[in-house]
Structures are given as structure tokens and as C-alpha cells.
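Fold and contact review
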Amino acid sequence: VRFLLTPDALWLLGFGLAPAALACAVCTPAVRGQSGWLFGAAMTLIGTLGVFGLQDGASFLIAWEVMSFGGAVMILSEKLPADAARPVLFMLGLLEIGAVALVGVVLLLGFRAPNFDFAGFSITAAELPVALTILTGLLLIIGFGAKLGLLPFYEWFPGAYSSGSGASGALLSGVVLNAAYFGLSRGLLNWLPNPTSPGVPELGAFLLVIGVLTAVLTALYAFQEEDWRSLLSFSSAENASIAVAMLGAAMMFRGDGQQDLASLAWMVALLHLAGHALAKGGLFLTADGVYRATGGYSIFHSDLLRRSSWVFGVGALFAAMSLSAMPPQAGFVSEWYVFQTVFQGFHLSTLAGRLTMALAGAGLALTVAVAFATFVKVFGIGLLGRSTRGVAAVSPTTATVVGLLGLSLLILAVGMPAWLDGLRVAVASEFGTEAASQMHDGLLLVPLTAKFAFISPTLLVIVMPLLALIPIALIVAHRRYAVRYAPVWYGGFDQDPERASTTALTFSNAMRTFYSFVYRPTEVIETEAHGPEYFIHRLRFTHDVAPIFGPYLFAPAIRTVYYLAQKLRALQSGHLNFYLALIGGLLVIILALTLP
Amino acid sequence: LTSDVIAAGVIAWAVAAITSLTQRGLIVARILLFAGCIALIAAAIAVNR
């Protein structure tokens, strides 16, 4: 068995392992099932390493399954909700669809070769007709897209993630997501034939469109969530989709002969996933801190920011800033590069390509705006929101790991010129260009040329505190005016800031109304009254947003499986003679197939 | 040296998987999982430099 970790694999693995290491050190907050969780985490990590490093189809598929199995073991052993089995089974079902697609790819590309070694895949692919090339590409997108959460597969994310802890989420959204992206990138760029061959650039355009559509939908759904884990899970699918969209852009540029721009898009995806793994790990571990302090994962006014260590607050703030693309964090840098790459679409020679890039830019702009609002909601309500309830502070251990991940995000952003040099070998071996060194001009970050645009998070870190001197000076200058405190009008009711404050539901109400054609929200109010209906004893309010693919795609598929299972039960009749007849029939078929 | 570090990390994870199955080995498993991750991060930095 051949094992090789390429520089891009090590990049994605390294950044994915940083939150994984801290999640393993902190362990799951579930009281029971730590043993099973640690076993699942070990399986996940071993499987992930196999996905990154194994170089033949058969062992790769085994590693892929071990990785999925480890994730399911982690979630199931935690037993956080009583009914975790159903969403995990749904996850495994969709992941198996992906696994079958990957088996199809391995068979298609390895069938004519002497063995299943990846080195022979590209040689086989070069001889494939266009239809089979496109089929291989689509199977790769389905196979890895099931794990990355490309549409329609993202619908397993909220159920499965919210059945586990934040520690499980830190592994699944970090190193596992990176491994799935690496597999897709390797398959589409290295296994498919010549990038200019018919069908290959079109696959890139398809991937760009799917990536952007998924990013828009998952960003919209993330905004409506009120559970830390399901919100963050949708956000993971969104960020993976942005990286996938960049991979599609890389394929389009490469198909057009623009190697420099292709390598820019490819590197941007790697930068984005690196920052995402750190930030998402930080927020998933923040969610575990919330669980340990409040006993649940709901986003509500917990007053945790004021009660906990400042290290926790700074770490969570940096992570939220990065995921909402606020300067100077790593997420800001990578999303700035994402837009710079899409803006370079005018270099493409075809009108369709240019138009696709322009529309992708518009879709990504919507995604980023919604993501910004989402993390304002998470941080503003989930951590900053004041409360008079007696909630415990986040433990010093959680505060330290969240703080470390937040700090690592800042280090990634500030040291970006140096980090880019770390990708020089990877991009040179993949595209044969020097794009890594062209992406920065000293401390300035540039999209290959300084004439188009530039930013510098390194300098921003120095300038931003200097800008803070202006409001400080204004405060100092106006100190002679006494501050007057007056009660706030509460609509005639008693003063109760907690009751009057914005909840997670009301925060997202405007978007829920405006995009009701996507969300199709439902609200049910049930009242119970003793005697006349005016004297309400209990009021039960439930609300939800409808999934897009669940009722139309997955529910009929599940019904079909149940129907087939019921019909096939006839085979399990319990009669020995019937089983012997079946075996006899199979022997006759085998003989008929082999004897001629 | 890098391949040795990677191999050490994998062995640490495999041993962690085994020790996690016993109640007394939970702390050992946590330490080994953490150490394996750190070893591989170190290898990643060494190669990409």
C-alpha cells in the first residue's frame, strides 16, 4: 500500500488537526459515552489520514468508510438527545450514496489499469469518451459532495450535528471537511483528463454554480437556526461550498489556459478552508462551553461573555469575526481573495464563462452578507446577551482552548505573507506557477498583481488600534458633559430588559419574512384555557422553516426503500427448503455465466 | 524524520483507540489523541517550510 502526503494535503490536514487536537484534549461534554467518543475520534482521525495519504482506490475507500464510521460512533456514543439514531442513520444513508458514487469512480478509472493505484487513473481517464468523463466528474461531485454538504446533501448536517457535541462538530467541520475537499480537488484536477478536454471546463462551471447555490441556501438556513450546533453546521456547509466554488473557478480558468488565475482560485480555497477550520473549531468548542455552563445548546441571553474569562470572549469574538469576514481576521482575507478571483472572470474567453463568474460574485455577496448577520446573532445574543438568570461561567479549560484558536486565527491573518510561501511547493507541483509568491507584495496581499487591488491584514493590526484613538479622543474631549441616566420607555410595562430584548427568533424575523419563498415558515400557536378562552392556562408556540429537498427528494426515496424492504421480506420466509432453492438458483446462474 | 513523526502520530491514534475502550484508559487516550495531532501538525509545518 502506497502512502504519500502531498504539500496541499499536509496544509489541509495541519489546519484541520489544530481544532481536533484541542477538541480531543477537552473531550466531549457528554457525561456518559466518553469512551465511545474517544474511540470514534481515533477512528475518524485514522480514517482522515488515510483519505489524505493513501494512493490506491481500494485502501482509500476503506479509509473513507472508517472516517464516516468514526463520525457516527462519536455522535451516537454521546447520547445527548434520546433520538440520535435517526439523524445519524440519515447521515450514514446519504454518505453511503456518496460512497457508492466513489466506488463507481474507482471502478471506472481503475478497471482498465493493472491495479487501483491513483497514478494510473489519469492515464485511464485520458482514454475515456466525453460522456464517461462527465459521468466520472459528476460521481466525484456526488461522492465528496455528500460529505461537504453540497446541495441537496447539506440537509443531513443540522440533524446529525445537533445530535452530537461541539467537540464532534469541531472534528467533522475541520479535519473531516478538509479531507473531503482534498479528495474532490485531487479527483477533479488530477484524475480527470487534460483540463482543456471537452466536458472538463463545463464541469468546473457546474461546480461553481452548485457551490454558489449551496452557499446561498445554507447561509439563509443557518441564519434561522436557534441551536449552536445546527447553525454552525449549516455555516460549515456554506464555507465548504465557497471553497468548492473556487475549485470550480480553478477548473474554468485552467480550461481556458489561464494557469495563474487557476492557481489563484485553488489557493484561495485552501486559505479559506484553513481559516474556516480554526474559526469553526473555536465556535464549536464555545458551544460546548455554553452547554457546560447552561445545560443546553440554545442560542439565548446567557450573559456568558460578562461572567467568563476575557480570554474566552476574545477567542470567540475572533472566531465569529473570521466567519463573518471581518478584518483583519483570516476569514476576511480569504473571502477578499474569493471576490478578487471572481472579479478576474472577465479574463475568460467565453461569454458564458464571464457571465457565470459575474453571477457567482452576486451570489457570494448575498452569502457573505447573510453570514455576517448570522454571526452577529450568534455572538450578540448567544454570548453578549445580558441575563439575570444564574448561569455559571465557562470553565478555564474551555476559555483557554477557545482563546488559543482565536489567537491562531489572528496569527494566520497577520502572518499571511509567510503562510502563502508555505503553499509555494504545492501550487508549483499542481499548476507549475509561482502564484504563491505573486499573491503578496511585501506585506501587501494582492490578487497576483498590485494594480488590481490590495489589502494588508499585517498593517491593519497596527492601523486599527490607531483608528481607535479617534473615539477615545472624542470621549476624553466630552468628559466635561455629565452623563445623564434616564429610564427607558417599555410600552407602559414594568422595566424588564431581558423580556424586552431581541431573541434569536425575532432577530431573524425580517429575513424569514422577506425570503419566505425559500423558508416557507410555519408557526403553530396552541392555547389551553380553564373555562372561558380569555383565561389562558398554557400557550405553546412552535415554529420552523421547511427544508427544500427533504419532502420532495429524500422522503420519496425513504418510502421507496421501505416499500422494497417490505416486498423483499418474502425472501426471509423462514422455510429451509426455500433458502436451499435460492442457493440452488444462484448456483445455476453462476454456472450459466461462467461455463460458456 | 517527517515520515517517522507521521508514523508516530498514527501509532498514537491507534493506541488511543484501543485504550479508549477501557474506562481507566480515558486520560491516556485523550493524551495520545492530542499528541498524535500535534505530531502531524509539526510534520505538516516541517514539510511545507
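Described below are features of the structure shown in this document.

Each value, and the rule that gives it
Residues numbered from 1 in each chain as written. Chains lettered and ligands numbered in written order. Predicted model: local features only at pLDDT ≥ 70, side-chain atom pairs only at ≥ 80, totals over all residues. Heavy atoms only, no water. Helix = DSSP H or I, 4+ residues; strand = E, 2+ residues; numbered from the N terminus. Rg over C-alpha atoms; globule rule 2.2 N^0.38 Å. Buried < 20%, exposed > 50% of the residue type's maximum accessible area, 1.4 Å probe, protein only. Areas by Shrake-Rupley, 256 points an atom, 1.4 Å probe, with all protein chains shown as cover. Lys, Arg positive; Asp, Glu negative; His and termini not counted. Charge placed at Lys NZ, Arg CZ, Asp CG, Glu CD. Contact = heavy atoms within 4.5 Å. Phe/Tyr/Trp six-rings, centres within 6.5 Å; stacked < 30°, edge-to-face > 60°. Axes fitted to C-alpha atoms, helices over the stretch in contact; angles between N-to-C directions. Parallel < 35°, antiparallel > 145°, perpendicular 65-115°, else oblique. Pairing = 2+ DSSP bridges.

**Observations regarding the overall build of chain A**
If you tally the helices and strands in chain A, you get 27 helices and 4 strands. Computed over C-alpha atoms, the radius of gyration of chain A comes to 26 Å, within 12% of the 25 Å expected from 2.2 N^0.38 for 596 residues, which places it in the range of a compact globule. Among the 596 residues that make up chain A, the fraction classed as buried is 54%. Approximately 25,700 Å² of chain A is accessible, and the part contributed by carbon and sulfur atoms is 68%. Positive and negative side-chain charges of chain A, numbering 30 and 31 respectively, have mean locations separated by a distance of 6 Å.

**Observations concerning the overall build of chain B**
Of regular secondary structure, chain B possesses 2 helices and 0 strands. For chain B, the spread of C-alpha atoms along the principal axes amounts to about 40 × 15 × 10 Å. Here chain B displays about 2,700 Å² of accessible surface, and carbon together with sulfur accounts for 72% of that area.

**Topic: the side chain of Ser-68 of chain A**
Along the chain, Ser-68 of chain A falls in helix H3 (residues 57-78). Not counting residues within four places of it along the chain, the set of residues in contact with Ser-68 of chain A comprises Leu-92, Leu-95 and Lys-147 of chain A.

**Description of the packing of aromatic side chains**
All names here are of chain A. For the structure shown, the criterion picks out 28 aromatic pairs over all chains. Measuring from centroid to centroid gives 6.1 Å for Phe-60 and Phe-144, while their planes differ by 55 degrees, and the two rings are tilted. Here Phe-60, found in helix H3, pairs with Phe-144, found in helix H6 (residues 130-148); they are 84 residues apart in sequence, far enough to count as distant. Each member of the pair, Phe-60 as well as Phe-144, carries the same accessibility label: buried. When the centroid spacing of 6.2 Å and the interplanar angle of 40 degrees are considered together, the rings of Phe-339 and Phe-343 count as tilted. Of this pair, Phe-339 and Phe-343 both sit in helix H14 (residues 330-343), 4 residues apart, which is roughly one turn of the helix.

**Quick notes on the packing of helix H1 (residues 7-26) of chain A against helix H8 (residues 166-191) of chain A**
Residues and elements named next belong to chain A. It is the contact of H1 with H8, at a shortest axis distance of 8 Å, that shows an interaxial angle of 175 degrees. Taken together, the axes of H1 and H8 lie roughly antiparallel to each other. In this structure, H1 contributes Asp-8, Ala-9, Leu-12, Leu-13, Gly-16, Leu-17, Ala-20 and Ala-23 to the contact, and H8 contributes Ala-167, Ala-170, Leu-171, Gly-174, Val-175, Asn-178, Tyr-181 and Phe-182.

**Let's talk about the pairing of strand S4 (residues 536-544) of chain A**
All names here are of chain A. As paired elements, strand S3 (residues 522-529) and S4 share 8 bridges and run antiparallel to each other. Residue pairing for S4: Thr-527 is matched across the bridge by Leu-539. Linkage of S3 to S4, two consecutive antiparallel strands, is achieved through a turn of 6 residues, within which Gly-531 is found at a positive phi near 75 degrees.

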